[in-house]
Amino acid sequence: MTKAMFLLVMVAIVFAMIGGISLMQNKYQYYLRLQYAVLQWDYLKTEIAYIDYNYGGVGNWFTQHKKSDPVPLDGKDAKLIPVLVYHGIITDPNWKPDGTNISLQDFQNQMFALKAAGWQTISMEDYLAFIQNKKQLPEKSFLLTFDDGRKDSFYNGDPVLRAVGYEATMFVITGASMDDGPSPFHLSREELQQMIKTGRWEMGSHTQNGHGSVPVNSAGKWNHFLTNEMWLAGKNKLETEPEYLKRITTDLEGAKLDLENKLGVKPVLAFAYPYGDYGQDPSNFPQDQSILDNIVSSIYPISFIQASNNDYVANPADGSAISKRIEVDSSIDSAHLVSMLDNSRYKNLDYTDDFSKDNGWLEGWGSRRIDNNEMLVGATASDDSASTFLSGSSLWKNYLMSVKAEILSSDSFSLVARYIGEDDYATCDFSGDAVELSQKVHGQDRPTIEARLWNEITPGVAVSAAIEVNGNTATCYLNGTQVLTGTIDPALDRGGIGFKMWDPAHKGTLVVRNLKVVGMPSAFPVK
């Protein structure tokens, strides 16, 4: 009798286990995967790594306060906010840096260092409110983003985010991620839902099926989906502009609906352009940039592109519908990243720089080096000119910039003011026996104003040079004397400072010392 009862109990237990496993496989399938178990171990391992980084060891965690607390915020409000973008986070020990992805160790080092330096992530909602000048945020705020909806970004990156208390936005290619079937690369809908449940991840759009290429001519050439008219082989012609509009609108609206209806993301605030291409790259449809911008802005309140070498690395609260992101990979070490973000903060006027260290001079092209209280801006074997501009100065309006300048192996250099980007700025150009007031507006060179000198620019001889911008007036000075003055375009109503030089022989170097920037009365306060 006892044996019979034992057998009945065992059979009942077996059937209960089978039924329980079947139920769990259907309802809790995500938690039964090996990848989930590995993730839990990674959480623990990364927490220990952060404790070791921040406290100096697990033992100290129990017995003393943090060895190095994050730098406290000083109560200032941010005037500029940087946005970082990552792609894959790689754990393969045989992986070599490829200019796109980042190793897990490098990513961990960067996040730990940013946290220790007092930087804190913000939500997409907060970022949008800041851009629209509706909300003030702490000065050391940044937006953290990832592209493509990749598995390695989440499974390798989330333990780091949890350890430091960061949040991020994942831009999803919804056509690749909304299928719950297995994928070695893209996150499934179920995985995206689990990410949202952590409270650390938001979702944005990276197209529905537009992260790729389409045929663009009869010869079989392919180019980016969003920025080209598609070749219709059956009709032996390119699609018309209305057909382009329909194709792009359908894709971008479809991605938004996927996120809203399949993931419950409401509202969908942000879109990231695939490859950072918003129409500036070569295409078969020159009108695509303005048309695409209108489509995107009608669907998403904010969109993102990658910053170029000639762009500032932080975004102002100017109401723009497009923001620029710093693309980060393993070529940027943690100290450099922290320095880049620290230097991107707004710099107050009056401002001086003795070039004892790099305070955020960004290299547009050519070479730039700071050494022995000098900044050297020079041509290279591949560039017959060079440019640099100051991070954190983009909101300056009215000011007088003066420097001691010396040009080597050439006689031509420029002081740059109201620098908004490579297509918008004003310059005082010093060259041999002439000075010119020049400006570029929306990529177009405007007529210059010229004044003659008496061979005052001589290679190897230092001069005092200055440029003043006040309202719509710009003035050039040389050795304390006003050389010329003129009117600049109202579009150049603000912008930072920089330097340019050029030499057809590819040998010239501009040496800059003793920079001073004095704000005019109407420069305050910056809004």
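The structure presented is a predicted model; accordingly, all values stated were derived computationally and were not measured.

Each helix and strand counted, the protein has 11 helices and 31 strands in total. Expressed as a percentage of the 527 residues in the protein, the buried residues total 51%. For the protein, restricting intrachain contacts to residue pairs at least 6 apart in sequence, the fraction spanning at least 24 positions comes to 67%. A total accessible area of about 24300 Å² is found for the protein, and carbon and sulfur atoms account for 53% of it.

A complete count under the given rule lists 23 salt bridges for this structure. For Glu139, the salt bridge identified is with Arg345, shortest N-O distance 3.5 Å. Separated by 206 residues along the polypeptide, Glu139 in the loop between α5 (124-131) and β5 (141-147) and Arg345 in the loop between α11 (334-344) and β16 (351-353) bring together distant segments of the chain. Residue Arg345 is classed as partly exposed on the basis of its relative accessible area, which comes to 23%.

The next point concerns a nonpolar patch on the surface. Residues Trp41, Leu44 and Ile48 make up a contiguous nonpolar surface patch of roughly 310 Å² in combined accessible area. As for its position among the elements, Leu44 is in helix α2 (residues 34-55).

The full count for this structure, using the stated rule, is 24 aromatic pairs. Relative to Phe146, the ring of Phe107 has its centre 5.9 Å away and its plane inclined at 65 degrees; by these criteria the two rings are edge-to-face. Within this pair, whereas Phe107 is found in helix α4 (residues 104-116), its partner Phe146 is found in strand β5, the two being separated by 39 residues in sequence. Take Phe107: its relative accessible area is 0%, and that puts it in the buried class.

With that settled, consider the state of the cysteines. By definition, a disulfide links the sulfur atoms of two cysteine residues through a covalent bond. One pass over the structure, following the stated rule, counts 1 disulfide. In this model, Cys428 is linked to Cys476 through a disulfide, with the two sulfur atoms separated by 2.0 Å. Classification of the bridge connecting Cys428 and Cys476 rests on its S-S torsion, roughly -90 degrees, and on that basis the disulfide is left-handed. Here Cys428, found in strand β23 (residues 424-431), pairs with Cys476, found in strand β28 (residues 473-478); they are 48 residues apart in sequence, far enough to count as distant. Owing to a relative accessible area of 0%, Cys428 belongs among the buried residues under this scheme. Cys476 sits in the buried class, given a relative accessible area of 0%.

Time to look at the environment of Ile332. By the element assignment, Ile332 lies in the loop between β15 (322-327) and α11. A relative accessible area of 11% places Ile332 in the buried class. Setting aside anything within four residues of it in sequence, one finds Ile332 in contact with Gln110, Glu327, Leu337 and Met340.

Listed in full, the buried residues belonging to helix α8 (residues 189-197) are Glu190, Glu191, Leu192, Gln194 and Met195. Once α8 finishes, Gly199 follows within two positions and takes phi at roughly 80 degrees, a positive value.

Our focus in this paragraph is the environment of Ala314. Within the secondary structure, Ala314 sits in strand β14 (residues 314-316). Looking at Ala314, the relative accessible area reads 7%, which means it is buried. Sequence separation of Ala314 and Ser394 is 80 residues, and the distance between their C-alpha atoms is 9.1 Å. When near neighbours in sequence (up to four residues on either side) are disregarded, Ala314 contacts Leu80, Ile81, Pro82 and Ser344.

It is worth spelling out the confidence of the model for the protein at this point. Averaged over all residues, the pLDDT of the protein is 87; the fraction at 70 or higher stands at 88%. Low pLDDT, under 50, characterises residues 1-27; the stretch is placed with 4 contacts to residues that sit more than four places away or in other chains. Across residues 523-527, confidence stays below pLDDT 50; counting only partners more than four residues off in sequence or on other chains, it has 7 contacts.

When you tally the buried positions in β23, you get 7 out of 8 residues, the bulk of the element. Where strand β22 (residues 412-421) meets β23, 7 bridges bridge the pair, whose relative direction is antiparallel. The residue of β23 that forms the bridge with Phe413 is Phe430. Between β22 and β23, which pair antiparallel one after the other, the connecting turn spans 2 residues. Here β23 runs beside strand β24 (residues 434-441); their pairing, made up of 7 bridges, is antiparallel. Residue pairing for β24: Phe430 is matched across the bridge by Val435. The antiparallel hairpin formed by β23 and β24 contains 2 residues in its connecting segment, where Gly432 sits at a positive phi of about 55 degrees.

A few words on helix α10 (residues 288-299). Helix length check: α10 (12 residues) gives 17 Å between terminal C-alpha atoms against 16 Å at 1.5 Å per residue, within 8%. Every buried residue belonging to α10 is among Asp288, Ile291, Leu292, Ile295, Val296 and Ile299, and all of these are buried. Angularly, the buried residues of α10 cover 130 degrees about the axis, an arc narrow enough to put them on a single face. Those residues of α10 that are exposed and aimed more than 90 degrees away from the buried face are Asn294 and Ser298. Elements in contact with the buried residues of α10: α9 (241-263), β12 (270-272) and β13 (302-306).

Grouped together as the largest cluster of nonpolar side chains are 69 residues, with contacts concentrated most on Leu84, Tyr86, Leu114 and Met203. Ignoring sequence-local partners within four residues, the contact set of Leu114 consists of Leu84, Trp119, Phe142, Tyr166, Leu337, Val338 and Leu341. Among the nonpolar cores identified, the runner-up in size contains 48 residues, and Phe355, Leu390, Ala426 and Ala474 belong to it.

Criteria and cut-off values
- Residues numbered from 1 in each chain as written.
- Predicted model: local features only at pLDDT ≥ 70, side-chain atom pairs only at ≥ 80, totals over all residues.
- Heavy atoms only, no water.
- Helix = DSSP H or I, 4+ residues; strand = E, 2+ residues; numbered from the N terminus.
- Buried < 20%, exposed > 50% of the residue type's maximum accessible area, 1.4 Å probe, protein only.
- Contact = heavy atoms within 4.5 Å.
- Areas by Shrake-Rupley, 256 points an atom, 1.4 Å probe, with all protein chains shown as cover.
- Salt bridge = Lys/Arg side-chain N within 4 Å of Asp/Glu carboxyl O.
- Patch = residues over 30% accessible without salt bridge, like charges linked within 9 Å, V, L, I, M, F, W, Y side chains within 5 Å.
- Phe/Tyr/Trp six-rings, centres within 6.5 Å; stacked < 30°, edge-to-face > 60°.
- Disulfide = S-S within 2.5 Å.
- pLDDT = per-residue confidence, 0-100.
- Pairing = 2+ DSSP bridges.
- Expected span 1.5 Å × (residues − 1).
- Arc of directions from axis to C-beta.
- Core = buried A, V, L, I, M, F, W, Y, C linked by side-chain atoms within 4.5 Å.

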